[in-house]
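Next come the chains, spelled out residue by residue.
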Amino acid sequence: QRVRFGPGVCGPVDPVYIKAATETGGQPFPVSPAEVGKSSRVMESSLLREMILWASGNSEDSYLIPVDPSVVRIMFSGTFDATGGSLTLIAPDGTVIQQGDRIEDTPLNCGRIISVDAPASGTWQVRTAPTGRFWLRVHAKSGLSLRDAEFVEPDAGLESDRLVEIQGEPIAGRPATLRVFVSSTFKRPTFQLVSLDGRPLQAVDLQSTDNLEFIGTITLPIEPFRVLVNGRDESGVQTQRIWPRLFNGEVVEVVPPAGETVPAGTEMPVTFTIRNHGPAVRLNLVSSDHRGKIIAVEPPTLELGA
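In this text, all values refer to a predicted model and were calculated from it rather than measured experimentally.

Draft legend 1. Here's a closer look at the layout of surface pockets. As a volume, the largest pocket reaches approximately 950 Å³. Of the residues belonging to the lining of the largest pocket, the class tally is 14 nonpolar, 5 polar and 2 charged. The computed volume of the second largest pocket comes to approximately 480 Å³. Residue lining of the second largest pocket: 18 residues in total, with E153, I166, Q167, I171 and E253 positioned closest to the centre. Elements supplying a minimum of two residues to the lining of the second largest pocket: strand 9 (146–154), strand 11 (176–182) and strand 18 (252–255). Looking at which element gives the most residues to the lining of the second largest pocket, the answer is strand 18, with 4 residues. Taken together, the residues of the lining of the second largest pocket break down into 11 nonpolar, 3 polar and 4 charged.

Laid out in structure tokens, this is it:
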């Protein structure tokens, strides 16, 4: 089917790219050929490693962004999958931001990018008004960092008291252990899970082990989520960071066998355990080796009750 693409049209964007961007904290940028020269502004975002907010939705919304003195440069980027969307940025003093000293304002056919050098500390406000769907990222260059967020479990090897990152996603409906690392400049951090559109889902209680590592057992929400930390910097100013990765509680668990050795030149059946933690489901089972070669699975389909 023919679809339009070019000036005056925001896309179409391949859903695979949107999914990848959503799961990793990225952002789709529909640009026309005439806007390719502005792509350097997009690539600059890779230098601003601290993410303060990620949100996506399909209705008008407003977000409050705490900016602390450690931020030396900040970028607000909003993109849309339909023309007519707008992004408005308001500084802590109530000024509506436009192009000017220390401010780079890059309007796009399907979005807007605003970068601010040495931004004023305080609460900034971003307003998005899409005609379709929007994607909003706020990220900065700063020494104050949310370094990692991961789900962990006891090491299945000899070091049973050591926690290692789980394979895949946490299992829905079961307690999960979350571990977060922050920089030493993060004071009195509190943690919460937020939705795709950036709204709070639930606060989580994580206990400090050494002022940099925080860990706790939590109940997972029923929808995809990110981990957000609020706190204070060393001067006592409010600050916020968000981990880019999107987590999603899975209802189907695939448990690999214990490490088994298969002598070269021989074949050996290997048994996996599949558990269903949700409603009844019918699964198609496919496996492949490290070279991508498809390996037979028996049975090829599986009916699992609730």
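Having seen it, we continue.
Draft legend 2. How the structure looks around the sheet that holds strand 1 (residues 50–57). Reading across the sheet, the 5 strands line up as 1-8-3-6-5 and stay open at both edges, with antiparallel pairing between neighbours. One side of each edge strand has no neighbouring strand; the edge strands of this open sheet are strand 1 and strand 5 (103–108). Direction aside, neighbouring strands of the sheet carry axes that sit 5 degrees apart on average. Bridge analysis of strand 3 (residues 73–80) against strand 6 (residues 111–117) gives 7 bridges, and the strand direction is antiparallel.

Draft legend 3. How the structure looks around the side chain of S56. Considering the arrangement of structural elements, one finds S56 in strand 1. Within the structure, S56 has its side chain in polar contact with the backbone oxygen of F134 (distance 2.8 Å). Only 3.4 Å separates the side chain of S56 from the side chain of W135, close enough to count as a polar contact. When near neighbours in sequence (up to four residues on either side) are disregarded, S56 contacts R133, F134, W135, L196 and D197.

Draft legend 4. A look at the side chain of S183. Along the polypeptide, S183 turns up in the loop between strand 11 and strand 12 (187–194). For S183, a relative accessible area of 2% corresponds to the buried category. A distance of 3.0 Å separates polar atoms of two side chains, one belonging to S183 and the other to T185. When residues no more than four places from it in sequence are discounted, the contact partners of S183 are G143, L144, S145, R147 and L212.

Draft legend 5. Geometry of unusual backbone geometry. The step from E298 to P299 runs through a cis peptide bond, and the omega angle for that step is 0 degrees. By the secondary structure assignment, P299 is in the loop between strand 22 (294–295) and strand 23 (301–304). Its identity is not glycine, yet R102 carries a phi of approximately 70 degrees, on the positive side. By the secondary structure assignment, R102 is in the loop between strand 4 (86–90) and strand 5. Owing to a relative accessible area of 44%, R102 belongs among the partly exposed residues under this scheme. Its identity as a non-glycine residue notwithstanding, R188 has a phi of 50 degrees, on the positive side. Looking at the secondary structure, you find R188 in strand 12.

Draft legend 6. Geometry of a nonpolar patch on the surface. On the surface, a nonpolar cluster with roughly 420 Å² of combined accessible area is contributed by V254, V262, M268, V270 and F272. In this fold, M268 is placed in the loop between strand 18 and strand 19 (273–276). A relative accessible area of 33% means that M268 is categorised as partly exposed.

Draft legend 7. Region of the structure containing the pattern of salt bridges. What the rule picks out here adds up to 18 salt bridges. Between R245 and E165 there is a salt bridge, and its shortest N-O distance comes to 3.5 Å. With R245 in the loop between strand 17 (238–242) and strand 18 and E165 in strand 10 (residues 163–165), this residue pair connects regions lying 80 residues apart in the sequence. With a relative accessible area of 39%, E165 lands in the partly exposed category. Measuring nitrogen to oxygen at the nearest pair gives 3.7 Å for the salt bridge that ties R179 to E213. Taken together, the residues span a long stretch of sequence, with R179 in strand 11 and E213 in strand 15 (residues 213–218) at a distance of 34 residues. Sharing partners across several salt bridges, the network here consists of R41, E44, R73, E104 and D117.

Draft legend 8. Representation of empty space enclosed by the protein within the structure. Counted by the stated rule, this structure contains 1 cavity of 30 Å³ or more. Empty space within the largest cavity amounts to approximately 30 Å³. Grouping the constituent residues of the lining of the largest cavity by class yields 4 nonpolar, 1 polar and 3 charged.

Definitions and limits used
Residues numbered from 1 in each chain as written. Predicted model: local features only at pLDDT ≥ 70, side-chain atom pairs only at ≥ 80, totals over all residues. Heavy atoms only, no water. 1 Å grid on protein atoms, 1.4 Å probe; cavity = no way out; pocket = protein on both sides within 12 Å on 5 of 7 lines; lining within 4 Å. Points joined across faces, edges and corners; volume = space filled by probe spheres on them. Nonpolar A, V, L, I, M, F, W, Y, C, P; charged D, E, K, R; others polar. Helix = DSSP H or I, 4+ residues; strand = E, 2+ residues; numbered from the N terminus. Pairing = 2+ DSSP bridges. Axes fitted to C-alpha atoms, helices over the stretch in contact; angles between N-to-C directions. Polar contact = N/O pair within 3.5 Å; in protein donor to acceptor, adjacent residues only side chain to side chain. Contact = heavy atoms within 4.5 Å. Buried < 20%, exposed > 50% of the residue type's maximum accessible area, 1.4 Å probe, protein only. Patch = residues over 30% accessible without salt bridge, like charges linked within 9 Å, V, L, I, M, F, W, Y side chains within 5 Å. Areas by Shrake-Rupley, 256 points an atom, 1.4 Å probe, with all protein chains shown as cover. Salt bridge = Lys/Arg side-chain N within 4 Å of Asp/Glu carboxyl O.

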